[in-house]
Amino acid sequence: MIKKQKEKIYSNYEISSILFYWTMICFLPILLVFLYLFDIDKVVDIRLFMLILLGVNFFFTILGTIILILKKDKLKRKIKAHYRYEFLYLLFISGFAILGSVVIFDYLDGNRAYIANILVIITAITLYLLSVLGKKYFKFDYMRRK
């Protein structure tokens, strides 16, 4: 008789950690998407501005890591059967981050003829990572038939 392998249920700490670090990775591209609407590159030196934003991002990452470590015990005690809304948040953030990566490429004077190539590669990598995360941690396997 073959025993079915039990799926591990992750605590709120692991899910919060994934959400926080994914948001911090996507912080700069998301912010640049919104700033692209206001033509901020005409007012300030965009490379210096991006460097400042990276510093702010690093500061918030360190601060958030400390907060996660301090709340680790409390978050480890909270468990849900699935984290669908959290996964939808990841999808939403990732969409803006993909668009923001194209904005970064444009701000760094990349050849605009290659934007479609960059967009396809980043989208494929992001979708692969989201499918792996969704299946393993968020119990959101959208490839499976019901």
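Residues numbered from 1 in each chain as written. Predicted model: local features only at pLDDT ≥ 70, side-chain atom pairs only at ≥ 80, totals over all residues. Heavy atoms only, no water.

Draft legend 1. Structural context of the packing of aromatic side chains. A full pass over the atoms with the stated rule returns seven aromatic pairs. Their ring planes at 50 degrees and their centres at 5.6 Å tell us that Phe 87 and Phe 138 sit as a pair that is tilted. A residue pair is termed long-range when its members are at least 10 positions apart, and Phe 87 in helix α4 (residues 84–107) and Phe 138 in the segment after α5 (115–136) qualify at 51 residues. A single burial state applies to Phe 87 and to Phe 138, both of which are buried. Members of the aromatic cluster, connected to one another through ring pairs, are Phe 34, Phe 92 and Phe 96. (Phe/Tyr/Trp six-rings, centres within 6.5 Å; stacked < 30°, edge-to-face > 60°. Helix = DSSP H or I, 4+ residues; strand = E, 2+ residues; numbered from the N terminus. Buried < 20%, exposed > 50% of the residue type's maximum accessible area, 1.4 Å probe, protein only.)

Draft legend 2. Expanded view of the side chain of Thr 61. Here Thr 61 is to be found in helix α2 (residues 46–70). At 2.7 Å, the side chain of Thr 61 and the backbone oxygen of Asn 57 are in polar contact. Ignoring sequence-local partners within four residues, the contact set of Thr 61 consists of Phe 20, Tyr 21 and Met 24. (Polar contact = N/O pair within 3.5 Å; in protein donor to acceptor, adjacent residues only side chain to side chain. Contact = heavy atoms within 4.5 Å.)

Draft legend 3. Broad picture of the confidence of the model for the protein. Residue-level pLDDT values for the protein average 87, and 92% of them are 70 or greater. In the model of the protein, helix α3 (residues 72–76) stands out as the element of lowest mean pLDDT, 89, in contrast to α2, which has the highest, 94. (pLDDT = per-residue confidence, 0-100.)

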